[in-house]
Amino acid sequence: MAEGKIGKTGAEDRMETTVSVIVPIYNVEHLLERCVDSILEQTKKDLEIILVDDGSTDGSGRLCDLYAQRDRRIQVLHKENGGLTSAWKAGLGLATSCYVGFVDSDDWIDPDMYERMYEMALAENADMVVCGLVYEFQDPKIPKRQEGSNFRRKIYEREDLEKIFPRLINDGHFFGRTIQPARVTKLYRRLLLKQNLQFCSDKVSVGEDMQITFPVLLDVGKLCVLLDFYPYHYWITESSMTGKHDSAYLEKVKRITRQLYRISDAKKVYDFKPQIRNDFLSLSVLAVKNEIYRNYRAGRRVVVENVRQICEDSMVREALAGHTMDQLSFSIRLYLYLMRRRHYRLCYWMVLVFFKMQYYLGREYKRQ
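Residues numbered from 1 in each chain as written. Predicted model: local features only at pLDDT ≥ 70, side-chain atom pairs only at ≥ 80, totals over all residues. Heavy atoms only, no water.

J.: I would appreciate a short explanation of the overall build of the protein chain in the present structure.
T.: Along the protein chain, the regular secondary structure elements total 14 helices and 13 strands. For 368 residues, the compact-globule estimate of 2.2 N^0.38 gives 21 Å, and the C-alpha radius of gyration of the protein chain, at 21 Å, lies within 12% of that figure. Projecting the C-alpha coordinates of the protein chain onto the three principal axes gives extents of approximately 65 × 50 × 35 Å. For the protein chain, the share of sequence-separated contacts (at least 6 apart) that also reach a separation of at least 24 residues comes to 82%. Working note: accessible area of the protein chain is about 16400 Å², and carbon and sulfur atoms make up 48% of it. Here the protein chain contributes 56 positively and 51 negatively charged side chains, and the mean placements of these two sets differ by 7 Å. (Helix = DSSP H or I, 4+ residues; strand = E, 2+ residues; numbered from the N terminus. Rg over C-alpha atoms; globule rule 2.2 N^0.38 Å. Contact = heavy atoms within 4.5 Å. Areas by Shrake-Rupley, 256 points an atom, 1.4 Å probe, with all protein chains shown as cover. Lys, Arg positive; Asp, Glu negative; His and termini not counted. Charge placed at Lys NZ, Arg CZ, Asp CG, Glu CD.)

Below is the structure:
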């Protein structure tokens, strides 16, 4: 499969569009129709739809080409596998519309999503429009759950945004993000995306959406929020919930954290470093919990030793000593105390007793 090969249909005789929708695709043949059909069924018809086949080895690429033959709004880009960030970046290189949205290939959207988001962007001349999402679980026993940002107003001018910079990444709570990092719940002005591609590393694989949403938001002149609007459906399989053990998870968290420090230094609009450290500590707690959940077959002694190694990491120790989160629940304060005081066996048992049920009910699932 040739790098950068564009499907013929859609690359010629295209209509003028106002919104480009980019879909990164990798080995989702069994789910792709649900995703693409939901985009084709949008009430807003003047869309530019860019399907990026990131080196799929199943029938996803062939299915993309069939869609391009059926609808002239669709372009297909076949590329070598490079990961999620490299895929949507490649799609952005083809986008021509003023505004850009993203849909991941195992998810789907409601018919009025882009019409409502674009109407608000056009009416307010907004640089970014934000909506919410619904977590949809493959396990029917787990109820759906809505998630939005912590933006509480419909319109934020630049001066309004600057007032929330002190709590943008962390507001003092555990995972207390005012910003919801997800690409898929945003309509971005394309120019701002292009200007901030320098901050998007293909190597970041945990929290990768934050490395584009964060710098773009720091450049936004006006942001609009569609309150109580949850048109994006984020699909969570049973394997996503249980997952495989990832021994490199903490290193991946450190990689995105360093990216956020870099962005904060480069933008020079506010010192976000204390908030970034708080966010890193929240992710580090998640790393400990994931070690306990997902590596249980290795045995308690091995898991406790791995928990010790996570908690003894220099960045984690610094965050434990210097975090500024002052709105923590009792259970999280207790857990951080145990981590700080090196009570790793108690960390192990506390996760099993207090957190396991919530985790498997999906109450703590977040897009990172």
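J.: Quick question: what am I supposed to make of the pattern of salt bridges here?
T.: A side chain of one charge can pair with a side chain of the opposite charge if their charged atoms are brought near each other. Taken as a whole, this structure holds 23 salt bridges when the rule is applied. Arg145 is the salt-bridge partner of Glu147, the closest N and O atoms lying 3.9 Å from each other. According to the relative accessible area criterion, Glu147 is buried, its value standing at 14%. On the basis of relative accessibility, which here comes to 22%, the residue Arg145 falls in the partly exposed class. Linking Arg158 and Glu162 is a salt bridge whose minimum nitrogen-to-oxygen distance equals 3.1 Å. With a gap of four residues between them, Arg158 and Glu162 both fall in helix α5 (residues 158-164), about one helical turn apart. A relative accessible area of 41% places Glu162 in the partly exposed class. Shared partners join several salt bridges into a network, and the residues in it are Asp104, Arg183 and Asp209. (Salt bridge = Lys/Arg side-chain N within 4 Å of Asp/Glu carboxyl O. Buried < 20%, exposed > 50% of the residue type's maximum accessible area, 1.4 Å probe, protein only.)

J.: Please clarify how the pairing of strand β11 (residues 186-189) should be interpreted in this entry.
T.: Across a regular strand the side chains alternate sides, sitting on one face of the sheet and then on the other. Of the two faces of β11, the one carrying Lys186 and Tyr188 and the one carrying Leu187 and Arg189 are both buried. With three bridges joining them, strand β7 (residues 128-130) and β11 adopt antiparallel strand pairing. Residue pairing in the sheet places Met128 in a bridge with Tyr188 of β11. (Pairing = 2+ DSSP bridges.)

J.: Would you mind going over the packing of helix α9 (residues 249-267) against helix α10 (residues 273-294) with me for this structure?
T.: When two helices pack together, their arrangement is given by the angle between the helix axes and by the axis-to-axis distance. Close contact between α9 and α10 brings their axes to 10 Å; oriented N to C, the two are set at 170 degrees. Taken together, α9 and α10 sit at an angle that is classed as roughly antiparallel. For the pair α9 and α10, the contacting residues are Tyr249, Leu250, Val253, Lys254, Thr257, Leu260, Tyr261, Ser264 and Asp265 in the first and Lys273, Ile276, Arg277, Phe280, Leu283, Ser284, Leu286, Ala287 and Asn290 in the second. Within the contact of α9 with α10, the residues separate by chemical class into ten nonpolar, four polar and four charged. (Axes fitted to C-alpha atoms, helices over the stretch in contact; angles between N-to-C directions. Parallel < 35°, antiparallel > 145°, perpendicular 65-115°, else oblique. Nonpolar A, V, L, I, M, F, W, Y, C, P; charged D, E, K, R; others polar.)

J.: Before we go on, may I ask you to explain the nonpolar core in this structure?
T.: Leu51, Leu168 and Leu223 are the most contacted members of the largest nonpolar core, which has 85 residues in total. Grouped together as the second largest cluster of nonpolar side chains are 35 residues, Tyr249, Val288, Met325 and Ile332 included. (Core = buried A, V, L, I, M, F, W, Y, C linked by side-chain atoms within 4.5 Å.)

J.: Where do I start with the sheet that holds strand β13 (residues 232-236) in this structure?
T.: What holds strands together in a sheet is hydrogen bonding between their backbones, with the strands either parallel or antiparallel. With mixed pairing, the four strands of this open sheet are ordered in space as β6-β13-β8-β9. Whereas interior strands pair on both sides, the edge strands pair on one side only; in this sheet they are β6 (108-109) and β9 (145-147). By the bridge criterion, five bridges tie strand β8 (residues 133-137) to β13 in an arrangement that is parallel. Paired with Phe137 across the two strands is Ile236, which belongs to β13.

J.: Honestly, the packing of aromatic side chains in this entry has me stumped. Any pointers?
T.: A ring pair, where both rings are aromatic, is described by two values, the distance of the centres and the angle of the planes. Here the structure, examined in full by the defined rule, presents twelve aromatic pairs. Grouped by ring-pair contacts, the aromatic residues Phe165, Phe214, Tyr270 and Phe272 constitute a single cluster. A cation over a ring is seen here: Lys44 above Tyr118, with NZ or CZ 3.9 Å from the ring centre. Of note, Arg153 hangs over the ring of Tyr156, and the distance from its end group to the ring centre comes to 5.2 Å. (Phe/Tyr/Trp six-rings, centres within 6.5 Å; stacked < 30°, edge-to-face > 60°. Lys NZ or Arg CZ within 6 Å of the ring centre and 35° of its normal.)

J.: How do you make sense of the side chain of Asp279 when you look at a structure like this?
T.: With respect to the helices, strands and loops of the structure, Asp279 is situated in helix α10. Among the polar contacts made by the side chain of Asp279, one reaches the side chain of Arg177 at a distance of 2.8 Å. (Polar contact = N/O pair within 3.5 Å; in protein donor to acceptor, adjacent residues only side chain to side chain.)

J.: Can you help me understand unusual backbone geometry in this one?
T.: Leaving glycine aside, a negative phi is the common case for residues, and trans is the common case for peptide bonds. Even without being a glycine, Phe175 presents a positive backbone phi close to 50 degrees. Along the polypeptide, Phe175 turns up in the loop between α5 and β11. Under the relative-accessibility criterion, Phe175 is labelled buried at 13%. Backbone geometry at Asp228 places phi at a positive 55 degrees, although glycine is not the residue there.

J.: I keep staring at helix α2 (residues 60-70) and nothing clicks. Help me out?
T.: Every α-helical turn comprises 3.6 residues, leaving residues that sit three or four positions apart pointing alike. Along α2, the residues classified as buried are Ser60, Gly61, Leu63, Cys64, Tyr67 and Ala68. Considered in projection along α2, the buried side chains sweep an arc of 160 degrees and stay on one side of the axis. Across α2 from its buried face, at more than 90 degrees, point the exposed residues Arg62, Gln69 and Arg70. Looking at the buried positions of α2, the neighbouring elements they touch are β2 (19-25), α1 (29-40), β3 (47-54) and β4 (74-79). (Arc of directions from axis to C-beta.)

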